[in-house]
Every structure is written in C-alpha cells, then in structure tokens.
Amino acid sequence: MNNLANKRVLLGVSGSIAAYKSPDIVRRLQDLGAEVRVIITNGGREFVSELSLQTVSKNKVHDNLWDKDAELAMGHIELAKWADAVIIAPASANTIAKLCHGKADDLLSTVILATKAAVLIAPSMNQQMFASKAIKENLEILNNRGVVTIEPGFGEQACGDVGEGRLAEPIEIAKQVANIFSNNTLSGKKVLITIGGTIEAIDPVRYISNHSSGKMGMALAHACVQAGAETTLIVGSISVDVEKRANVTYITSANEMYDAVMKKIKSQDLFISCAAVADFRPTKISQNKIKKDSNLSSIELTRNKDILESVCKLKNKPICIGFAAETENFIANATAKLEIKKCDAIILNDISNTEIGLNSDENEVHFLSQEKTEKIDRSSKQIIAEKIIKKVTKYFF
Ligand code: C5P
C-alpha cells in the first residue's frame, strides 16, 4: 500500500547535482498524500532554487540553524518533532559522513539527531565515490542504526561516468517512504476502539469525569490504521487530535458509550477497550443547576455497565483487549481483571507514576494474555501502541 495520507514528510536536500530533481520528489510525495516540508543545506542550495522548493511544497524552505526568525516560526526541535519521516534525497557523501558521526553543524544534521521519526537516505554521487570503502562503511553504520538506504541506480552520470550512484527515481523514493508506514498486518480486519474518559452529569453544569487524555487510545487507533485495519472509534472526552482515517462516533456518558459499542460490535474482529469509563453515574441528573443552599450533602451513585465485560460475554465475541490502570498490586490486579472480564489480553499500566500513563506522552506497560506476561519498556505512546498491535496480530490473527 503506497499511502502517505496524513503523513508529514521532511525532505532534506543536500549538495549533489541530483538536487535539481528534488522539486519532483516533493510532488511525488504529495501525490501519495504527504504534507512536505523541505530543509536545504548550503551544498543543496548550489544546485536547486529555494523558490522552486517553496513553491511546490507550499511551505517556507528551512535552511538555517541560526536564523532567529525561522527558529521562532518553527524551530529545529519542533521541525524534528513535526516529521513522521525524514528523507534525505539526494544524500551527498558529506551529509552521509556527518550523520554517521552525529555532527550537528547545520539545520539538517541537527534535525536528524533530534528526531524520533524514521530516517531514509537516497545517496547520490559519482560512481567512484559511491564505490569507496568510506561510503560503504558509513552506509553500513547508518543501516545498523535503522536508517533506510534507498539504493542509487546504475547508469550515465552528470559527470559523464557510467556506474552506480545515480539518485533513485523520485517516484521510487516516494514509494519507499510510503513503504515504511504500511505493514498491512491487519488488512481486511475490523477494529473497534473505545477512547478517552466518560462524563457523567450531575446537573446541567457539573459532572463526574477523570483525567484520561485519549493519547494511548488514539495512538492505538493510529497503529491500527497503519496496519491496514478498518478502524472505528467510540470517543469520549479527549485532549488529542482524532485519527482522521478512522470512522468516529462521539459520546459523552458511559451509557452512551455502551450503546455505541453494542451498535457497532457485531462485525468486528478486534475490540480494544482503552476508554476510562466511569464506574458510577449519579442516579438522578438534576434538571436545574443545584443551588449552594440546597442542603445537598451526598450524591447517590448507580453502577455503570461494564462495556468490556459485556462484549466478552457476546456469543460471537471479537478478540477483546482491555486495559488495567493500577496504582498497586499491579500484576495481581491485572491478572484478576483478565479472569473476571474473560478478555483475551490485558494491558497493564502503573498510573501512580505521573511520568507514564494518564495524560503523559510516554507509557510503560505489561501485556498479559492467558499464556504469558510480557513487559513493553518505557517509550512514547505511539511506539507502545505499535508494539501492542504487533503482539495482538502475532497471538490472535
Ligand atoms: O475494572 P476496571 O474499570 O479497572 O477495568 C478497566 C477495563 O475495563 C478497561 O479496558 C476499560 O475500558 C473497561 N471498562 C469498561 N466499562 C466500564 C469500566 C471499565 O469497558 N464500565
């Protein structure tokens, strides 16, 4: 699947004659749906105009680490965080060597050090240079660090030589960038995910809710879409952007979430219950705002239905994954939940640690299935989500 829809791709253009092809690379990335920003090095600027790149990318070209105004508009760290993937095309011998040694003497090399995004390089240079031991060894070092090389082609070069070192075709570069996002492991599968907190009204103004941000659920949604699943989300109260490629139903209360899930559950292959559903709701919702002087001393609560448990009891239930947000007796509590709710796996997280779990950007979880318990080390919620989906695919599909 060659799909870069909703993907942010940062194109680094370094000093090689093939830089004249970089506006075409921007276009081919856009053809696959990507939003593209460009960083140009001093060497790159010798071979292609910034105006061309600005015009096709529809964004200002980033070129200077020390430009105060540019740093204010979108600084190098922000740019590094913005990107879902960075592709350096053409990647000159000098840029490759700088990446290899972790140098940070210009904007492109600094962004590469600062980004968590996938990095790809499309080398382009004279065939003799490309055949040199230094380049071969540098590429091997980068490969071992996870940098993907888009191999250059064989043919006539701008200098008149014939050999290996021609920049890969722009269309091929765009396809290989797209390839890193499409693993297709859930292709043809339907996934339903509950996300965020529920809001239980007390009166028209007040409510009971929780600190759920929806970050973990949305990261899972993203991972499912990436894996090719037809993804449906039942979304409560959240503070993150919604995955645009999923079907979304918005709800407020636990009862509404229950109804929305039951309406959609029939044809699903996988149900991920990530929402922080309120266990109780006020028994009566006051029609009018409760006044200070109303002598109210307590609010009577009624237990909400357990959505996950109800889905696990369905006759043709999908694979069901629950979450256990715990503050103590972690493994014991999560194991009990796995047994009581009869789900296929439980993702356990420690919410007493404020650096992970509720509302934070990182998490560290245990994946408990009926067979075994595995730790997924601390990482961004997106990486944790991808690892969870990989395990779910491996064990259940
Ligand atoms: O029992 P506890 O609320 O700790 O279990 C958490 C798991 O159960 C989560 O997966 C949560 O989404 C789900 N849950 C639910 N309906 C509820 C309460 C929790 O689906 N009413």
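For the structure, check the block above.
So, a few notes on the structure that sits alongside this text. The structure presented is a predicted model; accordingly, all values stated were derived computationally and were not measured.

1. What to know about the overall build of the protein
At step 1: The number of helices and strands found in the protein is 15 helices and 19 strands.
At step 2: With respect to the principal axes defined by its C-alpha atoms, the protein has extents near 85 × 50 × 35 Å.
At step 3: The buried share of the protein, taken over its 397 residues, is 48%.
At step 4: Intrachain contacts of the protein at a sequence separation of at least 6 include 67% that bridge at least 24 residues.
At step 5: Only carbon and sulfur atoms are counted for the fraction: they give 49% of the accessible area of the protein, which is about 19700 Å².
At step 6: Of the charged side chains in the protein, 49 are positive and 47 negative, and the gap between their average positions amounts to 5 Å.

2. Concerning the sheet that holds strand β12 (residues 247-250)
At step 1: Taking strand neighbours across the sheet as the criterion, the eight strands line up as β12-β11-β8-β13-β16-β17-β18-β19 in an open arrangement whose pairing is mixed. In this open sheet, the two edge strands, each paired with only one partner strand, are β12 and β19 (373-380). Between one strand axis and the next, the sheet turns through 20 degrees on average, direction left out of account.
At step 2: Of the pairings in the sheet, the one linking strand β18 (residues 362-369) to β19 comprises six bridges and is antiparallel in character. Bridge pairing in β19 places V365 opposite I376.
At step 3: Sheet strands in contact with helix α15 (residues 381-396) are β13 (270-273), β16 (319-326), β17 (345-350), β18 and β19, and its direction is about 150 degrees off that of β19.

3. A word on a nonpolar patch on the surface
At step 1: On the surface, a cluster of nonpolar side chains totalling about 350 Å² of accessible area is made up of F280, L296, I299 and L301.
At step 2: Here F280 shows up in strand β14 (residues 280-282).

4. Notes on the site of the ligand
At step 1: Within the structure, the ligand sits among S273, A275, V277, D279, K305, D306, I307, L308, G322, F323, K337 and K341.
At step 2: Between an oxygen atom of the ligand and a main-chain N or O atom of S273, the distance comes to 2.6 Å.
At step 3: Protein contact buries 85% of the 450 Å² of open area that the ligand shows by itself.
At step 4: At a threshold of 2 Å from the grid points, most atoms of the ligand map onto the second largest pocket.
At step 5: Among the elements of the structure, α13 (307-312), β16 and α14 (330-341) are those that each provide at least two residues to the shell around the ligand.
At step 6: Residue composition of the shell around the ligand, grouped by class: five nonpolar, two polar and five charged.

5. A look at the environment of E46
At step 1: Mapped onto the secondary structure, E46 falls in the loop between α2 (42-45) and α3 (50-57).
At step 2: On the basis of relative accessibility, which here comes to 66%, the residue E46 falls in the exposed class.
At step 3: Spatially, the C-alpha atoms of E46 and S16 are 8.6 Å apart, while their sequence positions differ by 30 residues.

6. Here we look at the environment of V26
At step 1: The topology assignment puts V26 in helix α1 (residues 22-31).
At step 2: Residue V26 is classed as buried on the basis of its relative accessible area, which comes to 0%.
At step 3: Taking the C-alpha atoms as reference points, V26 and P170, separated by 144 residues in sequence, lie 8.4 Å from one another.
At step 4: Setting aside anything within four residues of it in sequence, one finds V26 in contact with L11, V36, V38, L53, V56 and S57.

7. As for the pairing of strand β1 (residues 8-13)
At step 1: With five of six residues buried, β1 is to be regarded as a mostly interior element.
At step 2: Sheet topology places β1 next to strand β2 (residues 35-40); six bridges connect them, and they run parallel. In the sheet register, G12 faces β2, and the bridge partner there is I39.
At step 3: For the segment spanning β1, α1 and β2, crossover handedness is right-handed.
At step 4: Where β1 meets strand β3 (residues 85-91), four bridges bridge the pair, whose relative direction is parallel. Residue pairing across strands places L11 opposite I87, the latter belonging to β3.

Calculation notes
- Residues numbered from 1 in each chain as written.
- Predicted model: local features only at pLDDT ≥ 70, side-chain atom pairs only at ≥ 80, totals over all residues.
- Heavy atoms only, no water.
- Helix = DSSP H or I, 4+ residues; strand = E, 2+ residues; numbered from the N terminus.
- Buried < 20%, exposed > 50% of the residue type's maximum accessible area, 1.4 Å probe, protein only.
- Contact = heavy atoms within 4.5 Å.
- Areas by Shrake-Rupley, 256 points an atom, 1.4 Å probe, with all protein chains shown as cover.
- Lys, Arg positive; Asp, Glu negative; His and termini not counted.
- Charge placed at Lys NZ, Arg CZ, Asp CG, Glu CD.
- Pairing = 2+ DSSP bridges.
- Axes fitted to C-alpha atoms, helices over the stretch in contact; angles between N-to-C directions.
- Patch = residues over 30% accessible without salt bridge, like charges linked within 9 Å, V, L, I, M, F, W, Y side chains within 5 Å.
- Salt bridge = Lys/Arg side-chain N within 4 Å of Asp/Glu carboxyl O.
- Near = heavy atom within 4 Å.
- Polar contact = N/O pair within 3.5 Å; in protein donor to acceptor, adjacent residues only side chain to side chain.
- 1 Å grid on protein atoms, 1.4 Å probe; cavity = no way out; pocket = protein on both sides within 12 Å on 5 of 7 lines; lining within 4 Å.
- Sits in = over half its atoms within 2 Å of the grid points.
- Nonpolar A, V, L, I, M, F, W, Y, C, P; charged D, E, K, R; others polar.
- Right-handed = clockwise from strand over helix to strand, strands pointing away.

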